[in-house]
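Coordinates in review
Listed here are the chains, written in short residue letters.
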Amino acid sequence: MTDALVTLPMMHHLLWLIPCAPLLGALLIIALDGLPTRAYGVIANLAVLVSALCVALLWLSGSWDMPVQTAYEWMHIDNWLLDVGFRVDRFTLVMASVSAWVGLLIHLFSTQYMRHDFGERRYFAYLNLFVGGMLLFITADNLILLYAGWEIMGLCSYALVSHYYTKDENVYAGRKAFVTTRIGDTALAIGIFLCFMQFQSLNLESIFQAAPQAPTGMIAAICILFMLGAFAKSAQFPLHVWLPDAMAGPSTVSALIHAATMITAGVYLIARTHVLFDLVPDVRWWVALVGAFTALYASVSAIGQNDIKRILAYSTISQIGYMFAALGVGGYSLALFHLAVHACFKALMFMSSGVIIEIYHHDHDIRNMGGLHKQQKFLSFAYLAGSLALAALPLVTASFYSKDAIIAATYTADHGAFLAGLGLLGALLTGVYSMRMYFMVFTGKARSEIHDYKMTWAMKLPLGILALGSLCLGFIQLPDSWSFGPHLLLPWLEPVLTSVALPEGHAGEMLELLGAAAAVIGILIAWPLTKAEVRSGRGVGNIGFLNKALYIDDLAKVLVIRPFLALCAVLGSVIDGLLLNGVLVAGVRRLMLNAAEVVSRGQGALVSRYVLLMVLGLMLIIGYLTVQL
Amino acid sequence: MLNLVIYFPLLAAAAIWLGCRERGTLARSLTLAVICLETLILFGLAMGGNTLSLDAEWIADYGIHYHLQLDGLGLALSVLSGGLAVVAMLVGWERIDRWQAFGPLLLATLSGMVGLFAAYDLILFYVFWELMLIPMYFMLAMWGDPDSRRSATQFMLVTVTASLLMLVAIILLFIAHGVQTGIYTFDYGILKQTPLIGNTLLSKLILAGLLLGFGVKVPVFPLHFWAPLAYRKGDPSVIIMLSGAMANAGVYGLLRFTMPLMPEVTAAFAPWGMAIGAIGTLYGAAQAIRQEDLRGVIAWSSISHMNIAILALFAWQAQALHGMALQLLAHGLSVAGLFAIAALLLDRKRDGVYANVGGLYAQMPKLGMCFLFFVVATVGMPGLANFAGEALILAGAISRSILWGSVGAVTILLSVIYGVKVYGKVMLGPVNPRVPTELWDLNSREKAALTVLIIAILVIGLMPQLMIETVHLPTAELLAVNIDSLFGGVHAID
């Protein structure tokens, strides 16, 4: 494997191009005024293509063992030696491939999807910036640069979620996304500063090397802060509230956020810093718990949704939950595996959902859809591939190999049966909601008018590739217990990203069977459920408790947002209103006015006189001093 | 040379005042030319990287020297002041009337600022300080909202009181130093050779006087009470100078005259100073969130960001102090950008109260993009100037005190809340029916003003090392006062 197909010694001088090509693309789109609108799409596509090709060249040249490039000194003050530097290892390379290539497919799809839409130029600028931010985050060799990419993504999510800015709720959704994730950013930033305090370095490699000698308390604090950052960015319970609302943006944006960039960043962060997390297994276990719980919670919520994009949003939260469960038990490479698989089917489903919504004339409600299979065969098959991959249909879909391995891995941790139980239950429900969505949209009779929509190659090609990925990507890494077939990914990642030994013997076989059974049963339940819902007009989507996702969002409004605003108001009224302006300023003014009245002059003249006196005084002083000179 | 850069604007002010009594447009052009020239000279000096100095006896009886020394830090802040004056002029080009009066006042203020950044003698510093402040009062009172006179009055009263306290503190310092060493002098260069020893009542009083005197200008929490009203009511062009350039003078004064001149008492106060900075930062941000108008948000945001500089100042640590210098520049640029946006909206008869705006982006996408850029800079987006400052400050502050550093870091969250809120309320959402339909997007003059700021923010953000090197020598010199060696663990409150 390590033999290079082509030797490109230049490659480690070109690392900077991976994140910077899309960033420069965004800059070009902003700076070049007056081009025809299509040209901006072309620039954006080319920029990401450059990144994607660079990543491909890294694969071809076999340079995945830590090429490092330092572009320039960013800030150097004492021990704060901060460079703009990039680094690639095997883990980075897989992650960068997912982001760059899936990002490229989404860009390609967008050129047709967004044509004659609204604000195309702005859209492509942010889209490029977004991919650039993610690649910067992935390839950064120090914490501050990593944080820079992380923040750029936050900004882009804000701008793109509120892309259709003429509606207040869209603007609010964008704001909610930015602010909620910023909670995590703040934690991450404090964690980074603590890292600097402890290690007097910002470089990832040197921190990892020094970590074992550091006090455990400090490492635990840093890990907890990083964990909070990851939870917010990756929409884990209870910081997931922004993601369902983030569906206000174009569907392609959702595809980008969920598959190629932002949401997966939290997973990457913990995997990247796993050296620290390995030192504090107790903290790490909480990652697993929150992940497993979120996986179940979000799949419960997904069942109650009628909006096609909200179903997909909750499905992402749930799938990312599995990845966190894997991280929490030390199965880092398993999380990465599932991340790549998830990227394929989720990008596919979001982009398809955009087309579906256009076909049903911008109605998101799956209860008003139906019967699309006959009209759009290609779309139907692609979406079926995605839905089955989401449901993890055994043997033929990729996520069967990635997700079931995660469930098995959680079993090995403390309270493993509990964690695995949450995961299995979630897997069952995933089958239900995933296939309910598919059946409601594509089968039966059309419940509202179906518009014509012709997809060009620029849309079909990305969907086709992603559908293939959703089905076949799993075959690169069959379960360990199977003696046949390829086991390519995990052993190759082993030097940089470890995993845990999966349970063997009866427990292992049992979990494998249970995982497969959960998916199949879920899919089987979905069919009668959908039929009943179509017949009666009422179904799971009418259950308020599920539809409102257990009222967590409303609870947050009451318990967090309102008290916070009230606190701001109270502080302001007390400190500024009452103490400073009320007592101090008003008191002084009264004194002054009284004094003025004593002199029996108008109050308006007071200040002018005061200033005049001051000017005179100053002149006198200067004059005196000058004379002395 | 040093005298030239200080007095050139002042002389020009006198000439314009006398020469252009009735000719406002001529006065405007001349003022712009003078400020541009002044800024270019200062910029050239800053690039040269040399420290300029000049020392002469002035009033020997009282140990007052005519001692000027303009180092990298002072130069950087002076260039900022000049640049902001240019921006202030460009965005007030049509809106401000009576340029024959406004121009000279602006020039005099600028003169005062350059002078005080160069002053190396306490009395000289005080003279320039007053020179900077008095024109500001007239600019605040005579231009701005119709009811700006009241806030200007308040500004003046507060400022005069603070200046007085500062003067008393300076004189006490003169006496205390004389008693301690036998040398009675106001010369900063001599004073810092033999800093005041001991944490006595007298030194505490001096410190308190300086803190109040300079703190009002910053404005440090809780001395900020005059600022929101003044920032909101004054003409945005004036406020660009007041909040972007002049506020720096307060921090600069604290930086120069507290720790180096009386390290022990300041070190003992440092933990409290950090606490004040951190709390003030959060308090300012929390108030910005609840404002209902653009200028109110910017005002509180400015207060919040200046208090981070106070956090850095009292952390007295390498990263924090370098970060502070960057923060002063970055804050000046970004707050000027925001007030420039407010000015442009005012030119379009929009006062920025939420009820009267909304959905402006549809008509003015370019202005909207610039607005978003400044908001994003303000919230500390990496790659832009403010991030460089804030990251260094917070890293340094956390190294000194985990508690107050972390408290200050919460501003990362709060700033984004008010930032995107104000942007959304003004530019996005459905078009407000009260907004007239014929608003024009940026014209070339406005583009020029905003481009200057945007480029400066980008350059400092992407290559902060340039600025770090400019301010490194003076900062290193300040850091020679090592807080760690004083009082063992006084600063360790966490």
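Just so you know, these numbers come straight off a predicted model, no measurement behind them.

Time to look at the overall build of chain B. Scanning chain B from terminus to terminus reveals 19 helices and two strands. What you see for chain B is a C-alpha radius of gyration of 22 Å, in line with the 23 Å of a compact globule of 494 residues. Judged by the C-alpha coordinates and their principal axes, chain B covers about 70 × 55 × 40 Å. Across chain B, contacts joining residues at least 24 apart in sequence account for 81% of those joining residues at least 6 apart. Of the charged side chains in chain B, 25 are positive and 27 negative, and the gap between their average positions amounts to 11 Å.

Turning next to the overall build of chain A. Summing up its helical and strand segments, chain A has 24 helices and two strands in all. Over its C-alpha atoms chain A spans a radius of gyration of 28 Å, differing by no more than 12% from the 25 Å that the globule rule assigns to 629 residues. In terms of overall dimensions, chain A has C-alpha extents of about 100 × 60 × 55 Å along its principal axes. Out of the 629 residues in chain A, the part that is buried amounts to 60%. Sequence separation of 24 or more characterises 80% of the internal contacts of chain A that already satisfy a separation of 6 or more. Split by element, the accessible area of chain A, about 23700 Å² in all, is 69% carbon and sulfur. Charged side chains in chain A number 35 positive and 36 negative. The centres of these two groups are separated by 12 Å.

Now for the packing of helix α3 (residues 90-113) of chain A against helix α4 (residues 120-139) of chain A. All names here are of chain A. Running from N to C, α3 and α4 point in directions that differ by 175°, and their axes come no closer than 9 Å. On the basis of the axis angle, α3 is roughly antiparallel to α4. Facing Thr92, Met95, Ala96, Ser99, Ala100, His107, Ser110 and Thr111 of α3, the residues of α4 in contact are Tyr123, Phe124, Leu127, Asn128, Val131, Met134, Leu135, Ile138 and Thr139. Considering only residue class, the contact of α3 with α4 consists of ten nonpolar, seven polar and no charged.

Residues at a pLDDT of 70 or more form 98% of chain B, whose mean pLDDT is 87. What the predictor reports for the complex is a pTM of 0.91 with an ipTM of 0.92.

Residue and element names in this part refer to chain A. An ideal rise of 1.5 Å per residue puts 46 Å on 32 residues; helix α21 (residues 505-536) measures up with 47 Å between its terminal C-alpha atoms. Gly508, Leu511, Gly515, Ala516, Ala518, Ala519, Gly522, Ile523, Ala526, Thr530 and Glu533 are the residues of α21 that are buried. Summarising the contacts, the buried residues of α21 are in contact with α16 (377-391), α17 (398-410) and α18 (416-442).

Our next topic: unusual backbone geometry. A cis amide bond links Phe237 of chain A with the next residue in sequence, Pro238 of chain A, at an omega value of -5°. For Pro238 of chain A, the location among the structural elements is in the loop between α8 (216-233) and α9 (242-245). Residues Val218 of chain B and Pro219 of chain B are joined by a peptide bond in cis, for which omega reads -10°. Unlike most non-glycine residues, Ala235 of chain A shows phi in positive territory, near 55°. Along the chain, Ala235 of chain A turns up in the loop between α8 and α9.

Residue and element names in this part refer to chain A. With 93% of its residues at a pLDDT of 70 or more, chain A shows a mean pLDDT of 85. Below pLDDT 50 for its whole length, residues 1-6 participates in nine contacts with residues either more than four positions away or in separate chains. For the stretch residues 599-604, pLDDT sits under 50, and the model shows three contacts to residues farther than four places along the chain or on other chains.

Another point: the side chain of Thr258 of chain B. Residue and element names in this part refer to chain B. Along the polypeptide, Thr258 turns up in the loop between α10 (236-257) and α11 (263-289). By relative accessible area, Thr258 is classed as buried at 1%. Of the polar contacts made by the side chain of Thr258, one reaches the backbone oxygen of Leu254; its length is 2.5 Å. In contact with Thr258, not counting residues within four places along its chain, are Leu207, Leu210, Gly253, Pro263 and Thr266.

Attention now goes to helix α5 (residues 143-161) of chain A. A rise of 1.5 Å per residue sets the reference length of α5 of chain A, with its 19 residues, at 27 Å; its end C-alpha atoms lie 27 Å apart and thus fit the reference within 8%. Near the N-terminus of α5 of chain A, the side chain that reaches the backbone nitrogen of Ile144 of chain A, with its oxygen 3.1 Å away, is that of Asn142 of chain A.

Right, let's get into the UniProt feature "domain: NADH:quinone oxidoreductase/Mrp antiporter transmembrane" (unreviewed entry) in chain B. Those places that UniProt annotates as "domain: NADH:quinone oxidoreductase/Mrp antiporter transmembrane" (unreviewed entry) correspond, in this numbering, to residues 119-412 of chain B. The annotated region residues 119-412 of chain B carries 76% helix and 0% strand content, and the separation between its end C-alpha atoms amounts to 35 Å.

To continue, consider the packing of aromatic side chains. Per the counting criterion, the structure on display carries 47 aromatic pairs over all chains. Consider the rings of Phe293 of chain A and Tyr297 of chain A, whose centres lie 6.4 Å apart with planes at 15°: the pair is stacked. Of the two residues, Phe293 of chain A and Tyr297 of chain A both sit in helix α13 (residues 281-303), four residues apart, roughly one turn of that helix. Residue Tyr297 of chain A is classed as buried on the basis of its relative accessible area, which comes to 3%. Members of the aromatic cluster, joined through ring pairs, are Tyr120, Phe125, Trp129, Tyr188, Phe214 and Phe257 of chain B. The positively charged end of Arg28 of chain B is found above the aromatic ring belonging to Trp93 of chain B, 4.3 Å away from the centroid. One cation-aromatic arrangement involves Arg98 of chain B over Trp143 of chain B; the distance from NZ or CZ to the ring centre is 4.9 Å.

Let's shift gears to the pairing of strand β1 (residues 52-59) of chain B. Residues and elements named next belong to chain B. Relative to strand β2 (residues 64-70), β1 is paired through seven bridges, and the arrangement is antiparallel. When the sheet's bridge partners are listed, Ile59 is paired in β2 with Ile64. Joining the antiparallel neighbours β1 and β2 is a turn of four residues, in which Gly63 adopts a positive phi near 65°.

What follows is about the domain arrangement of chain A. In terms of domain boundaries, chain A breaks down into domain 1 (2-547) and domain 2 (559-628). Inter-centroid distance (C-alpha atoms) of domain 1 of chain A to domain 2 of chain A is 56 Å.

To continue, consider the interface of chain A and chain B. By a frequent convention, interface size equals the accessible area lost on bringing the separate parts together. Residue-level contacts link 63 residues of chain A with 73 residues of chain B. Between chain A and chain B the total buried area reaches about 5900 Å² when both faces are included, carbon and sulfur atoms providing 75% of it. It is Ile77, Tyr165 and Arg182 of chain A that lose the most area in chain A upon contact with chain B, and together they represent 11% of the buried surface on that side. Linking chain A with chain B are one salt bridge. Here Asp33 of chain A makes a salt bridge to Lys366 of chain B, at a shortest N to O gap of 3.8 Å. At the junction of chain A with chain B, the criterion picks out eleven residue pairs in polar contact (both at pLDDT 80 or more). Listed by contribution, the elements that provide at least two residues to the side of chain A that touches chain B are β1 (68-77), α4, α5, α6 (168-199), α23 (552-598) and α24 (604-628) of chain A. The greatest single-element share of the side of chain A that touches chain B, amounting to 15 residues, is contributed by α23 of chain A. Tallied by class, the residues present in the side of chain A that touches chain B amount to 43 nonpolar, nine polar and eleven charged.

Moving on, we come to the pairing of β1 of chain A. Residues and elements named next belong to chain A. Pairing analysis gives eight bridges linking β1 to strand β2 (residues 80-87), with the strands arranged antiparallel. What sits directly across from Val68, in β2, is Arg87. Counting the residues between successive antiparallel strands, the hairpin from β1 to β2 contains two residues, one of them, Asp78, with a positive phi of roughly 50°.

Attention now goes to the nonpolar core. Counting 449 residues, the largest nonpolar core has Trp80, Phe137, Phe226 and Ile356 of chain A together with Trp226, Phe374 and Val426 of chain B as the members making the most contacts within it. Two domains share this core, each providing at least three of its residues, namely domain 1 (2-547) and domain 2 (559-628) of chain A. Once residues within four sequence positions are removed from consideration, Val426 of chain B is found in contact with Leu294, Leu345, Tyr354, Val357, Gly358, Gly359, Leu360 and Phe371 of chain B.

The rules behind the values
Residues numbered from 1 in each chain as written. Chains lettered and ligands numbered in written order. Predicted model: local features only at pLDDT ≥ 70, side-chain atom pairs only at ≥ 80, totals over all residues. Heavy atoms only, no water. Helix = DSSP H or I, 4+ residues; strand = E, 2+ residues; numbered from the N terminus. Rg over C-alpha atoms; globule rule 2.2 N^0.38 Å. Contact = heavy atoms within 4.5 Å. Lys, Arg positive; Asp, Glu negative; His and termini not counted. Charge placed at Lys NZ, Arg CZ, Asp CG, Glu CD. Buried < 20%, exposed > 50% of the residue type's maximum accessible area, 1.4 Å probe, protein only. Areas by Shrake-Rupley, 256 points an atom, 1.4 Å probe, with all protein chains shown as cover. Axes fitted to C-alpha atoms, helices over the stretch in contact; angles between N-to-C directions. Parallel < 35°, antiparallel > 145°, perpendicular 65-115°, else oblique. Nonpolar A, V, L, I, M, F, W, Y, C, P; charged D, E, K, R; others polar. pLDDT = per-residue confidence, 0-100. Expected span 1.5 Å × (residues − 1). Polar contact = N/O pair within 3.5 Å; in protein donor to acceptor, adjacent residues only side chain to side chain. UniProt positions renumbered as here; feature names shortened; annotations may be inferred. Phe/Tyr/Trp six-rings, centres within 6.5 Å; stacked < 30°, edge-to-face > 60°. Lys NZ or Arg CZ within 6 Å of the ring centre and 35° of its normal. Pairing = 2+ DSSP bridges. Domains from an automatic or database assignment. Buried area = accessible area lost by both parts, 1.4 Å probe. Salt bridge = Lys/Arg side-chain N within 4 Å of Asp/Glu carboxyl O. Core = buried A, V, L, I, M, F, W, Y, C linked by side-chain atoms within 4.5 Å.

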